[in-house]
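Here is what each chain is made of, one letter per residue.
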Amino acid sequence: MNNKQKHIWLGTIPEIGGYGISVISETKEGAEKTLKKTFYEMRRDWWYGQEYYTYKGAFEYFSGRIVKIYFDKSYDDSFRG
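Here we summarise the structure given alongside this text. In this text the structure is predicted, and so the values were computed from the model without any measurement.

## Overview of the layout of surface pockets
Then step 1. Of the voids in this model, the largest pocket is the one considered here, and its volume is about 170 Å³.
Then step 2. What lines the largest pocket is a set of 10 residues, among which Thr-12, Pro-14, Arg-65, Asp-77 and Ser-78 lie closest to the centre.

## Some words on the pairing of strand 2 (residues 21-25)
Then step 1. Alternating residues of strand 2 divide into Ile-21, Val-23 and Ser-25, all buried, and Ser-22 and Ile-24, none buried.
Then step 2. Where strand 1 (residues 7-13) meets strand 2, 5 bridges bridge the pair, whose relative direction is antiparallel. For Gly-11, the partnering residue across the bridge sits in strand 2 and is Val-23.

## Structural notes on the packing of aromatic side chains
Then step 1. Applying the stated criterion to the full structure yields 4 aromatic pairs.
Then step 2. Their ring planes at 70° and their centres at 4.9 Å tell us that Phe-39 and Tyr-40 sit as a pair that is edge-to-face.
Then step 3. Measuring from ring centre to ring centre gives 5.6 Å for Tyr-55 and Phe-59, while their planes differ by 40°; the resulting arrangement is tilted. Here the residue Tyr-55 and the residue Phe-59 both occupy positions in helix 2 (residues 55-61), the gap between them amounting to 4 residues, near one helical turn.
Then step 4. Among the aromatic side chains, those forming a connected cluster through ring pairs are Phe-39, Tyr-40, Tyr-55 and Phe-59.
Then step 5. The ring of Tyr-53 is capped by Arg-43, whose NZ or CZ atom sits 3.8 Å from the centre of that ring.

What counts, and where the lines are drawn
Residues numbered from 1 in each chain as written. Predicted model: local features only at pLDDT ≥ 70, side-chain atom pairs only at ≥ 80, totals over all residues. Heavy atoms only, no water. 1 Å grid on protein atoms, 1.4 Å probe; cavity = no way out; pocket = protein on both sides within 12 Å on 5 of 7 lines; lining within 4 Å. Points joined across faces, edges and corners; volume = space filled by probe spheres on them. Buried < 20%, exposed > 50% of the residue type's maximum accessible area, 1.4 Å probe, protein only. Helix = DSSP H or I, 4+ residues; strand = E, 2+ residues; numbered from the N terminus. Pairing = 2+ DSSP bridges. Phe/Tyr/Trp six-rings, centres within 6.5 Å; stacked < 30°, edge-to-face > 60°. Lys NZ or Arg CZ within 6 Å of the ring centre and 35° of its normal.

Have a look at this one:
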């Protein structure tokens, strides 16, 4: 792939809270920061003791990921190329 191709970063934690979290950013760091912030905002309504009470725990439990998405490229419905 050409390094000059346009791309975005997609961060996602599927199914968390019944519907999941997805964010789009210009940088990988921006995607993770926004994903983490949104997780902690959602968590306020949850209870302690859950295995996914922390961002890292939720990211692992729900198979979260942050991936680079290139424009004009095919992906499946989970953005796997």
